[in-house]
Amino acid sequence: MKQFKQEVAKAIEKATGKHVDLQDLTVPPNPEMGDVASKIAFTMGKNPKETAEELAKEIKPSGPITEVKAFGPFLNFFVDRDMFSKCVVETIISEGKNYGKGEKKKEKVMVEFSQPNTHKAFHIGHIRGTALGFALANILEHYGYDVIKANYQGDTGAHVAKCLWCMQTFHAGEKPPENKGKWLAGIYAEATQKINDNPEYEKDYKQVFHKLFFDKDPELIELWKKTRKWSLDEFVKIYSEMGIKFDVNFFESDVEQKGVDYVKALEGKGKVFEDDGALVIDLGEKLGVFLLLRNDGTALYSTKDIILAKKKFDEYGVDTSIYITGAEQKHYFNQLFAALKELGFEKADKCVHIPYGLVILPEGKMKSREGKVIFYEDLAAKAKELVLKEIEKKNPDLEDKEAVAEAVGIGALKFWMLHTSNNKDIVFEWGKALDFNGETGPYVQYALVRCRSILEKSGKQPKAGIVKAHDLLVMLSNFPDAVENAAKSHSPHLLAQYTYLLANELNKFYTTTKVIGSDNEEALLAVIKATEIVMANALHLLGIRAPEKM
Ligand code: ARG
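Residues numbered from 1 in each chain as written. Predicted model: local features only at pLDDT ≥ 70, side-chain atom pairs only at ≥ 80, totals over all residues. Heavy atoms only, no water.

Caption draft 1: Main features of the layout of surface pockets. In this structure, the second largest pocket spans a volume of roughly 1400 Å³. Residues of the lining of the second largest pocket, tallied by class, amount to 18 nonpolar, 13 polar and 13 charged. (1 Å grid on protein atoms, 1.4 Å probe; cavity = no way out; pocket = protein on both sides within 12 Å on 5 of 7 lines; lining within 4 Å. Points joined across faces, edges and corners; volume = space filled by probe spheres on them. Nonpolar A, V, L, I, M, F, W, Y, C, P; charged D, E, K, R; others polar.)

Caption draft 2: Expanded view of the nonpolar core. Grouped together as the largest cluster of nonpolar side chains are 123 residues, with contacts concentrated most on Phe428 and Leu495. The dominant element in this core, judged by the number of residues it contributes, is helix H20 (residues 521–542), at 14 residues. Discounting residues that sit within four places of it in the chain, Leu495 has contacts with Ile139, Phe479, Ala482, Val483, Ala486, Ala538, Leu541 and Leu542. Formed by 24 residues, the second largest nonpolar core is a distinct cluster that contains Leu266, Ile281, Phe313 and Phe345. (Core = buried A, V, L, I, M, F, W, Y, C linked by side-chain atoms within 4.5 Å. Buried < 20%, exposed > 50% of the residue type's maximum accessible area, 1.4 Å probe, protein only. Helix = DSSP H or I, 4+ residues; strand = E, 2+ residues; numbered from the N terminus. Contact = heavy atoms within 4.5 Å.)

Caption draft 3: Looking closely at the sheet that holds strand S1 (residues 36–38). Spatial ordering of the open sheet is given by S1-S3-S2, a layout of three strands whose pairing is antiparallel. The sheet terminates laterally at S1 and strand S2 (65–71), the two strands that pair on one side only. Within this sheet the neighbouring strands show an average axis-to-axis angle of 25°, counted without direction. Sheet topology note: the S2/strand S3 (residues 74–79) ladder contains six bridges and is antiparallel. Opposite Ile65, over in S3, you have Val79 as the bridge partner. Helix H2 (residues 48–58) contacts S2 and S3 of the sheet and is inclined by roughly 160° relative to S2. (Pairing = 2+ DSSP bridges. Axes fitted to C-alpha atoms, helices over the stretch in contact; angles between N-to-C directions.)

Caption draft 4: Local environment of the sheet that holds strand S8 (residues 278–282). Pairing within the open sheet is antiparallel, and its three strands lie in the order S7-S8-S9. Strands with a single pairing partner mark the edges of an open sheet, and in this sheet they are strand S7 (272–275) and strand S9 (289–293). Across the sheet, the axes of successive neighbouring strands diverge by a mean angle of 40°, strand direction being ignored. Where S8 lies against S9, four bridges are found, and the strand directions are antiparallel. Each residue of the ladder has a partner; that of Ile281, found in S9, is Phe290. Sheet contacts for helix H9 (residues 252–264): S8 and S9; angle to S9, the most-contacted strand, approximately 120°. The sheet contacts of helix H12 (residues 330–342) involve S8 and S9, and relative to S9 the element is tilted by about 75°.

Caption draft 5: Representation of the site of the ligand within the structure. Near the ligand, the surroundings consist of Glu112, Gln115, Asn117, Tyr152, Glu252, Tyr301, Asp305, Tyr323, Thr325, Gln329 and Phe333. At a separation of 2.7 Å, a nitrogen atom of the ligand approaches a polar side-chain atom of Glu112. Gln115 is positioned such that a nitrogen or oxygen atom in its backbone is 3.1 Å from a nitrogen atom of the ligand. Here the ligand loses 86% of its free accessible area of 350 Å² to cover by the protein chains. Those elements that provide at least two residues to the shell around the ligand are helix H11 (301–314) and strand S10 (320–326). Of the residues in the shell around the ligand, the class split is four nonpolar, four polar and three charged. (Near = heavy atom within 4 Å. Polar contact = N/O pair within 3.5 Å; in protein donor to acceptor, adjacent residues only side chain to side chain. Areas by Shrake-Rupley, 256 points an atom, 1.4 Å probe, with all protein chains shown as cover.)

Caption draft 6: Local environment of helix H17 (residues 470–477). Across the eight residues that make up H17, a large majority, seven, are buried. When we look at burial in H17, the residues that qualify are His470, Leu472, Leu473, Val474, Met475, Leu476 and Ser477. Residues of H17 that are buried in the fold lie against helix H3 (81–95), helix H18 (479–488), helix H19 (492–512) and H20.

Caption draft 7: Fine view of the environment of Ala464. Mapped onto the elements, Ala464 comes out in the loop between helix H16 (441–458) and H17. Separated by 65 residues in sequence, Ala464 and Lys529 place their C-alpha atoms 9.6 Å apart.

Caption draft 8: Local environment of the packing of H16 against H20. Where H16 meets H20, the closest approach of the two axes is 9 Å, and the angle between their N-to-C directions is 145°. The two elements H16 and H20 meet at a crossing, and its hand is left-handed. For the pair formed by H16 and H20, the contact residues are Val444, Gln445, Ala447, Leu448, Cys451, Arg452, Ile454, Leu455 and Ser458 on the first element and Glu521, Leu525, Ile528, Lys529, Thr531, Glu532, Met535, Ala536 and Leu539 on the second. Among the residues making up the contact of H16 with H20, the classes are represented as 11 nonpolar, three polar and four charged. (Left-handed = near helix turned anticlockwise from the far one by under 90°.)

Caption draft 9: The arrangement of empty space enclosed by the protein in detail. Inspection of the entire model under this criterion finds one cavity of 30 Å³ or more. In this structure, the largest cavity encloses a volume near 40 Å³. What lines the largest cavity is Met242, Ala407, Ile410, Gly411, Lys414, Gly543 and Arg545. Considering every element that reaches the lining of the largest cavity, the biggest residue donor is helix H14 (residues 401–418), with four residues. In terms of residue class, the lining of the largest cavity is made up of three nonpolar, two polar and two charged.

Caption draft 10: Structural view of the environment of Leu434. Following the sequence through the fold, Leu434 ends up in the loop between helix H15 (430–433) and H16. C-alpha of Leu434 to C-alpha of Lys10: the two residues are 424 residues apart in sequence and 47 Å apart in space. Non-local contacts of Leu434, meaning those with residues more than four positions away in its chain, are made with Leu386, Val387, Ala412 and Pro442.

Caption draft 11: Highlighting the side chain of Asn76. Note that Asn76 resides in strand S3. At a separation of 2.7 Å, a polar atom in the side chain of Asn76 contacts the main-chain carbonyl oxygen of Met33. Excluding its chain neighbours within four sequence positions, the residues that come into contact with Asn76 are Pro28, Met33, Val36, Ala37, Ser38, Glu67, Val68, Lys69 and Phe71.

Caption draft 12: Geometry of the packing of aromatic side chains. In this structure the tally under the stated criterion is 25 aromatic pairs. With a centroid separation of 4.9 Å and an interplanar angle of 75°, the aromatic rings of Tyr239 and Phe246 are classed as edge-to-face. For the pair formed by Tyr239 and Phe246, the shared burial category is buried. Feature note: the residues Phe113, Phe122, Phe235, Tyr239, Phe246 and Tyr376 constitute an aromatic cluster, connected by ring pairs. For the cation-ring pair, Lys105 lies above Tyr145, with the distance from its terminal atom to the ring centre recorded as 5.8 Å. Cation over ring: Lys312 sits above Tyr323, and NZ or CZ is 3.9 Å from the ring centre. (Phe/Tyr/Trp six-rings, centres within 6.5 Å; stacked < 30°, edge-to-face > 60°. Lys NZ or Arg CZ within 6 Å of the ring centre and 35° of its normal.)

Next comes the structure, spelled out in structure tokens:
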């Protein structure tokens, strides 16, 4: 589409003497109103409707432009659809995986996401944050940024002490089952329950905390190391199943002491002062006072974040630093970024927090603290099981059923999280997320599989030509815009929604057009090939695997 927009921009520039940004050229709401729309008439200082009409008369069709028409204040252009269709398909097939890539940008962006805590559950909310961060990082990369994917795992703090206390007190000598990480998370949940119900336990687990993090008791440190690894091993397994990769793994335990040292040295500087033994920074009326260090000299969440931010800027040369977490941390990140600015960090303004809403099951809010958490493992198993049942019904002879069920099940989970705006809460219902006819992972995966099977069945070589498939081709030509919009607004859901619309257009095309055995088979196959490429690119950016067959 870009080539056509460029031609349109040139024609407008010639007639008005004004520069036209390609971004300001849009696609009209329906093809009867043309292929490219411009709002130039609003900027000419006269009545926009009259201006549009005058310009429509003045600009004569030439090159790919076949007609110029005013629709109210809009100036719309019709382009040669035969030329358009051939050009779109040729571009996509020749660019392949690179189709939709933005210009290389100088800026380095770090996206920090997932950030589970060891000794605790990797739950349904983590799936959302993990899918969101991975997709956003891929999209930004495709748009042209140099992107670093970072994880930051919480392997120290009160939750660790609670878990180890409960393990030593109530589960001494027990042999953990195969999935040790999950077992540990269960013990953590039990610990919080016990401490809630019996306030006298408070001092007991705090003793463990002290022994572990102050006295550095060798036996407890051994246990911490061993159990920490159980959780980390589990996370590795989850990431591999979810198809998630990181470039950098930060750990809270790594930045803890450095954070304390760094923050201590700030005392008395600027707006940092001591308050009742603790260190705080005054962030003004709106954000209040932000705690930097506890009065016993131990690290807070913020202590570690300050030094981590510094590390990201200094050691990794990050320009834009993105943090993806649950929406409950919004205020905290506002404070953190304001504190960084106050402390003189040059790039504090380029820190971005992207919050995401809750994931709720129909039976109610899941509360990790009460132990009613939905573990990744259970969800993934259920997803696979449900998809397997569907396969047994619809396609019992399929090869590799288990692997297909895994790709489709996990894909369904991820797509459901991704197609919703990050700001909204999600009510997760299996029936909806797995509906093969809804706005779902299986639906878009199936569209890709269908393209592949048509190409395979035909066996002929696709060759771009003149075809009647305008709506599908417009959709394909919009992919670079979909990537750009998702990247600029940090909204992977825009790309997820795009893949659904593309799948819809493919299905419409498929039901109205005979491809195999038609006179124009090679050219129609080229449209299918182009759709396959765009769909595969889109799913790849979203981090959704598609099986070869389903
Ligand atoms: N592990 C933390 C939690 O579970 C989230 C970490 C978010 N990132 C950060 N830089 N604070 O709440």
